[in-house]
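Listed below are the residues making up each chain.
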Amino acid sequence: MSIASGTRGRHLTRRLVQLYVGLTLYGISSALLVLAGLGLEPWGVLHQGLAERTGLTIGVVSIVVGAVVLLLWIPIRQRPGLGTVSNVFVIGLAMDGTLALVPEIHGLPARIALLALGIVLNGVATGLYIAARFGPGPRDGLMTGLHRLTGRSIRLTRTLIEIAVVTTGFLLGGSVGVGTVLYALSIGPLAQFFLRFFAVPEATADAAPETTADAAPGTTAVGAPDATPGPGAVDAAVAPASPEGAILRR
């Protein structure tokens with residue numbers, strides 16, 4: 001998806017609202033995990049470790065890392081969408097804003113509650129911005145680009161990248177803990193649920209019709225405008241091998 005291609009079609013206003021609300025909530029949820037102090041999501045571990053070593057805020061580090069990862073899309077021929085570029089900046093800004101406004105939390109029960117809220121809110125945010133269909137984040141696009149180039153499975157590619165990210169972040173001083181494990185186990189099911197919940201009506205209507213002359217009788221091409229919306233519409237819009245689909249397979 002190019003940056004321009006995602007800004008056409010029906011339900012554009014709703015999709016834009018979902019995109020930016022989702023990215024903002026993602027940044028807020030990531031900040032809540034930092035405040036909980038019980039372990040961060042894989043890329044958050046790296047961001048925190050780099051922030052400890054550089055003296056930059058974790059939000060600024062997130063922006064810098066996102067921009068660097070986006071540059072890595074060039075040799076693997078990935079095309080960014082509006083959501084990809086927005087992801088780089090909005091999440092980092094929302095993180096720093098939340099950390100500046102929310103006071104430090106003390107006491108284990110409060111920290112556990114904050115951890116649970118952060119994970120659930122992250123699932124809500126992921127469902128919102130994926131359902132907006134403006135392109136994947138830089139990190140997920142890198143993963144699927146490497147999957148395409150190497151021929152390795154998306155699951156294996158994601159696992160190897162996140163192991164490398166967590167290990168590097170931990171060695172730099174990032175926080176790995178029970179929250180990291182709980183996040184890894186729960187974010188997939190949560191994102192899947194909220195993706196369906198926030199799915200834009202007629203999810204395949206915005207796609208350009210794709211037809212073939214030798215299509216089997218009685219079949220409908222993927223993305224055809226007369227496709228009937230329903231539970232399968234989300235799966236049609238978010239193909240398993242796409243960056244958006246890969247996010248759900250954490």
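Residues numbered from 1 in each chain as written. Predicted model: local features only at pLDDT ≥ 70, side-chain atom pairs only at ≥ 80, totals over all residues. Heavy atoms only, no water.

### A few points about the nonpolar core
Quick reminder of the rule: Within this scheme, the nonpolar core is defined by two criteria: the residues are buried Ala, Val, Leu, Ile, Met, Phe, Trp, Tyr or Cys, and they are joined through side-chain atoms within 4.5 Å. Whether a residue is buried, partly exposed or exposed follows from its accessible area with a 1.4 Å probe, protein chains only, as a fraction of its type maximum: under 20%, in between, or over 50%, in that order. Counting from the N terminus, the helices are the DSSP runs of H or I reaching at least four residues and the strands are the DSSP runs of E reaching at least two. Whether two residues are in contact is decided by their heavy atoms, any of which lying within 4.5 Å being enough.
Among the nonpolar cores identified, the biggest contains 47 residues, and L19 and W43 are the most heavily contacted of them. Within the residue set of this core, elements represented by two or more residues are α1 (12-36), α2 (42-54), α3 (58-71), α4 (82-101), α5 (108-131), α6 (138-150), α7 (154-172) and α8 (178-197). The leading source of residues in this core is α5, at 10 residues. Ignoring anything within four residues of it in the chain, the contact list for W43 reads V65, V69, R139, I161 and V165.

### Description of the packing of aromatic side chains
The geometry of two aromatic rings is summed up by the distance between their centres and the angle between their planes. Put simply, the test is: Ring pairs shown here join Phe, Tyr and Trp side chains whose ring centres sit within 6.5 Å, with only the six-membered ring taken for Trp; geometry is labelled stacked below 30 degrees between planes, edge-to-face above 60, and tilted in between. In this scheme, the term charge over a ring applies when either NZ of a lysine or CZ of an arginine sits within 6 Å of the ring centre and within 35 degrees of the ring normal.
For the structure on display, the rule yields 5 aromatic pairs. Here the aromatic rings of F193 and F197 are separated by 6.3 Å at their centres, their planes lie at 20°, and the arrangement is stacked. Here the residue F193 and the residue F197 both occupy positions in helix α8, the gap between them amounting to 4 residues, near one helical turn. Members of the aromatic cluster, each reached through a chain of ring pairs, are F193, F194, F197 and F198. Stacked on the ring of F134, the Lys or Arg R15 has its end atom at 4.3 Å from the ring centre. Lying over the aromatic face of W43, R139 brings its terminal NZ or CZ to 5.3 Å of the ring centre.

### With respect to the side chain of Q18
Structurally, Q18 is set in helix α1. Residues within four places of Q18 in sequence aside, it is in contact with L128, Y129, A131, A132, F198 and V200.

### A few points about unusual backbone geometry
Positive phi outside glycine occurs at R77, with the angle close to 60°. Under the relative-accessibility criterion, R77 is labelled exposed at 73%. Phi angles above zero are rare outside glycine, and R133 is one such case at about 60°. Secondary-structure assignment places R133 in the loop between α5 and α6. The class for R133 is buried, based on a relative accessible area of 11%.

### Focus: the environment of P80
Tracing the sequence through the fold places P80 in the loop between α3 and α4. Considered as a pair, P80 and P138 are 58 residues apart in the sequence and their alpha carbons are 8.0 Å apart.

### What about the environment of L19?
Of note, L19 is situated in helix α1. A sequence separation of 113 residues divides L19 from A132, and the C-alpha atoms of the two residues are 5.5 Å apart. If we ignore the near neighbours within four places in the chain, the residues touching L19 are L82, G83, S86, Y129, A132 and F134.

### Examining the confidence of the model for the protein chain
Selection criterion: Residue-level confidence of the predictor, termed pLDDT, takes values from 0 up to 100.
Here the protein chain averages 81 in pLDDT, while 76% of its residues score no lower than 70. Segment residues 203-237: pLDDT under 50, and 30 contacts once partners within four positions in sequence are set aside and those in other chains are kept.

### Let's talk about the packing of α3 against α6
Two measures define how a pair of helices packs: the angle their axes make with one another and the distance between the axes. We apply this condition: Fitted lines through C-alpha atoms give the axes, limited to the stretch in contact for helices. The angle between two N-to-C directions lies from 0 to 180 degrees. An angle below 35 degrees is treated as roughly parallel, one above 145 as roughly antiparallel, one from 65 to 115 as roughly perpendicular, and anything else as oblique. By convention the crossing between two helices is left-handed if the near helix lies anticlockwise of the far one by an angle smaller than a right angle, and right-handed if it lies clockwise. Lys, Arg, Asp and Glu make up the charged group, whereas Ala, Val, Leu, Ile, Met, Phe, Trp, Tyr, Cys and Pro make up the nonpolar group; the residues left over, Gly among them, are polar.
Where α3 meets α6, the closest approach of the two axes is 9 Å, and the angle between their N-to-C directions is 30°. Comparing the axis directions of α3 and α6 gives the class roughly parallel. The two elements α3 and α6 meet at a crossing, and its hand is left-handed. Residue-level contacts link S62, V65, G66, V69 and L70 of α3 to P138, R139 and L142 of α6. Here the residues of the contact of α3 with α6 sort into 5 nonpolar, 2 polar and 1 charged.

### Some words on the pattern of salt bridges
The line we're drawing: For this document, the term salt bridge refers to a Lys or Arg side-chain nitrogen within 4 Å of an Asp or Glu carboxyl oxygen.
Using the criterion set out here, one finds 2 salt bridges in the structure. Between D140 and R158 there is a salt bridge; the shortest N-O distance is 2.5 Å. Of the two residues, D140 sits in helix α6 while R158 sits in helix α7, which places them 18 residues apart along the sequence. Neither residue differs from the other here; D140 and R158 are each classed as buried. For E162, the salt bridge identified is with R158, shortest N-O distance 2.6 Å. In this pair, E162 and R158 are both assigned in helix α7, 4 residues apart and thus about one turn of the helix distant. Note on E162: relative accessible area 18%, which makes it buried. With a relative accessible area of 6%, R158 lands in the buried category. Several salt bridges converge on common partners, so that one network encompasses D140, R158 and E162.

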